[in-house]
Amino acid sequence: MSTASATRESARALARDRRRQAWSRNWRTFRSHRSGLIGLAILTGFAVVAVLAPLIAPAEGLEVTKATGGVLEPPSSEYWLGTDDKGRSVLTLLIWGARISLFVGLAATVISMVIGTLIGLTSGYFGGWAGAILFRVTEWFLVIPFLPLAIVMATVLGRSLLNIVIVIGVTSWPGTALLIRAQTLTIRERPYLERARVLGAGPSHQIRRHILPNVMPMVFANTTLTVAVAILTETTLSFLGLGDPTRVSWGSMLDDAFSVGAITTGAWWFIVPPGVCVVLVVLSFTLVGQALEEVLNPRLGAGR
Amino acid sequence: MTILGRADYGRGGESQEDNLDSASSGRHGTYGRYLLGRCLGSLGSLAFMLLLSFFLFRVLPGDPARTLGRGRFTTPEQLDEFKRTYGLDQPLPQQFLTFLQNTLSGDLGISLRYRVPVSDLILDRMWPTILLVGTSTILAGAIGIWLGVRGAWERGSKFDKVSTGGSLTLYSMPEWWLGLLFIAVFAVGWGPIPGLFPTGGLHSIDAEPGTISGVLDTIWHLFLPVLTLTLAYLADYALIMRSSLLDELGEDYLTTARAKGLRDVQVRNRHAVRNALLPTTTVVALSLGFVVTGAITIETVFSIPGLGLLATEALTVPDYWVLQGTFLVASFAVILANLAANLVYGLLDPRVRT
């Protein structure tokens, strides 16, 4: 009795050890990708700013009625990045915009990842007619043109942050699902799963203990890339005026800048900074995603 | 991920039974079956799109008449009249049948804003979009493939680093923001740079279409939007071309070709690039399907009267039948491009005809 529990204990410790070793090994490989590290550093910076936004720049700075600056003032020692058309500090808007961009990007990705993984796993693992139907459904969703859909949804359901998250989530899962499906199909045929089946493992055990842990790294790398796309999408939708009208995001700042004619008046401080932020965040997510893909999928190997 | 991943998601996923099937029926005649299968698949997608469109416009809003005519009616009689005109007082299945019948016969309703049939509007607005997106796609395809090939062949070189870095940055950029910057610098003029190009539109008011000066005028107007879209598309194509050529580099047939004594350029162009072009072709064909989507933001920024601008204009009214029309056309374009991509791929690469 006691020996049995001891071996179980040591087996757990062994597994924990192995997992820790794998993590540190992966981290070492990741560190060797300079671009991935730079991306991670930039993202950390933006995340810290987004979380600490209320401390760095008081929320009052967002209220039009309490704006202190003049209309479209160029950068000065008081307003480092100038003011917008309503006299608010562009820097304050940027800081608060980081929250919306990161939130929408992450929330939409979670939706896309959950749906994509569920459908990809099911259609890959079970095959047969159910798998075939799920595969078809995935293909159908793959061809929905997301921008027209987003425009339609915003018009029909009204404009809100939640709608944007739903639209991005719903249109971006098929890519993940197909990726997971292809992975599941190859893993299903591996000998160790055959062994598990022979030992009497049911589908849920096989999926939870064998397939999911093998597919997860792919999901993880793919997720980082999905966040990048989701943030770009949010910016575009807000620019088209489909975003939540009560919140400031980088896209809605650019929408304002465009509609008040900041381009013709040469108010570059209202146009350039939000775009640069978007590019930095999206590029960082892409670089981190690429580095992760190489760390977790050694087949891609050197040379890339 | 569409950009950094492989183009042929579904391929690894084709089930094994299919492979056995095609093996037993032999190599000949399989393209016919492949064609039939793909066409049926596209019809399925089309049916799904029609259903989705009906759902979005008639079921999701709960009370469509209220949403469709928001701010337009003051009395209940007007609302009833509106419901009768658009058949909204009928039961849902009946409405769906009418919707199917109308859509399939090309009747997309009447624009609430312009008071003309939506199908006429769409046909009218299609050409600027096709001109804009078509030109950009061809340019981006040519330049992007060249960049990708050179980058992969000389991987790690300075050229590769600059072109990959540039492509990744362009890929991370909202294309309309780039357009805004171009307008600010090259159209409005910034500092010492004078405004060289118009800020928007398709042609000057006094230009006569059909004459040489009219054509030149349109080219002058389209220069910046085409430049913007080309740069945006080019990034995708260069990255995909590069990664698919890198996939080919380790293959044995390249060693064979070198062993035969072929020159480096011949090995590259006749062997490696030919195979690596397959996924890129598919991606280019697929991206053509997103014509409307891609044009929406650029047409808005440069105020080019195409399908994209039609959709964003309809948004402010809101002009539901125009929105539905552009949504259907956008979906149809994607399905068509998908089918074309699959058929071309099947023609070029017999292995996928499963």
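Residues numbered from 1 in each chain as written. Chains lettered and ligands numbered in written order. Predicted model: local features only at pLDDT ≥ 70, side-chain atom pairs only at ≥ 80, totals over all residues. Heavy atoms only, no water.

Enquirer: Would you explain the packing of helix H2 (residues 30-59) of chain B against helix H5 (residues 92-104) of chain B in this entry?
Expert: Packed helix pairs are specified by the crossing angle of their axes together with the interaxial distance, meaning the distance between the axes. Residue and element names in this part refer to chain B. At a minimum axis distance of 11 Å, the contact between H2 and H5 shows a crossing angle of 125°. Relative to H5, the element H2 lies oblique. When the axes of H2 and H5 are compared, the crossing they make is right-handed. Between H2 and H5, the residues in contact are Leu50, Leu51, Ser53, Phe54, Arg58 and Val59 and Leu92, Gln95, Phe96, Phe99, Leu100, Thr103 and Leu104, respectively. Residue composition of the contact of H2 with H5, grouped by class: 9 nonpolar, 3 polar and 1 charged. (Axes fitted to C-alpha atoms, helices over the stretch in contact; angles between N-to-C directions. Helix = DSSP H or I, 4+ residues; strand = E, 2+ residues; numbered from the N terminus. Parallel < 35°, antiparallel > 145°, perpendicular 65-115°, else oblique. Left-handed = near helix turned anticlockwise from the far one by under 90°. Contact = heavy atoms within 4.5 Å. Nonpolar A, V, L, I, M, F, W, Y, C, P; charged D, E, K, R; others polar.)

Enquirer: Looking at this structure, how should I read the pattern of salt bridges?
Expert: Two side chains with opposite charge may pair up if their charged atoms get near one another. Per the counting criterion, the structure on display carries 9 salt bridges over all chains. The salt bridge partner of Arg136 of chain A is Glu139 of chain A, with a shortest N-O separation of 2.5 Å. Of the two residues, Arg136 of chain A and Glu139 of chain A are both situated in helix H5 (residues 128-142); the distance of 3 residues between them amounts to about one turn of the helix. Exposure remark for Arg136 of chain A: the relative accessible area of 37% places this residue in the partly exposed category. One network of salt bridges, with partners in common, ties together Arg136 and Glu139 of chain A together with Arg38 of chain B. (Salt bridge = Lys/Arg side-chain N within 4 Å of Asp/Glu carboxyl O. Buried < 20%, exposed > 50% of the residue type's maximum accessible area, 1.4 Å probe, protein only.)

Enquirer: How should I be thinking about the nonpolar core in this particular structure?
Expert: Soluble, globular proteins show a tendency: their nonpolar side chains are buried together. The biggest cluster of nonpolar side chains holds 132 residues, and the ones touching the most others in it are Trp250, Met253, Phe270, Ile271, Val281 and Phe285 of chain A together with Leu56 of chain B. Taken together, domain 1 (50-105) and domain 2 (117-353) of chain B each give at least three residues to this core, which thus spans both. Setting aside residues up to four positions removed in sequence, Phe285 of chain A forms contacts with Leu43, Leu102, Thr224, Leu225, Val227, Ala228 and Ile231 of chain A. Within the second largest apolar cluster, 12 residues are counted, among which are Val149, Trp153, Met241 and Ala257 of chain B. (Core = buried A, V, L, I, M, F, W, Y, C linked by side-chain atoms within 4.5 Å. Domains from an automatic or database assignment.)

Enquirer: Got a minute to help me understand empty space enclosed by the protein in this structure?
Expert: Empty space left among the atoms is revealed by rolling a probe the size of a water molecule over them. Residue and element names in this part refer to chain A. Here the structure, examined in full by the defined rule, presents 5 cavities of 30 Å³ or more. The volume enclosed by the largest cavity comes to roughly 60 Å³. Along its surface, the largest cavity is lined by Ala150, Met153, Ala154, Gly158, Ser160, Asn163, Ile164, Val167, Leu237 and Leu242. Of all the secondary structure elements, the ones that give two or more residues to the lining of the largest cavity are helix H6 (146-157) and helix H7 (161-188). Grouping the amino acids of the lining of the largest cavity by side-chain chemistry returns 7 nonpolar, 3 polar and no charged. (1 Å grid on protein atoms, 1.4 Å probe; cavity = no way out; pocket = protein on both sides within 12 Å on 5 of 7 lines; lining within 4 Å. Points joined across faces, edges and corners; volume = space filled by probe spheres on them.)

Enquirer: I'm lost on unusual backbone geometry in this one. Help?
Expert: In most cases, non-glycine residues show a negative phi, while peptide bonds are predominantly trans. All names here are of chain B. If you check the backbone angles, Arg115 has positive phi at about 60° while not being a glycine. Topologically, Arg115 is positioned in the loop between H5 and helix H6 (118-153). What makes Arg115 exposed here is its relative accessible area of 61%. The phi angle at Ser303 is positive, at roughly 40°, despite the residue not being glycine. In this fold, Ser303 is placed in the loop between helix H12 (291-302) and helix H13 (307-316). Residue classification places Ser303 among the partly exposed residues on the basis of a relative accessible area of 39%.

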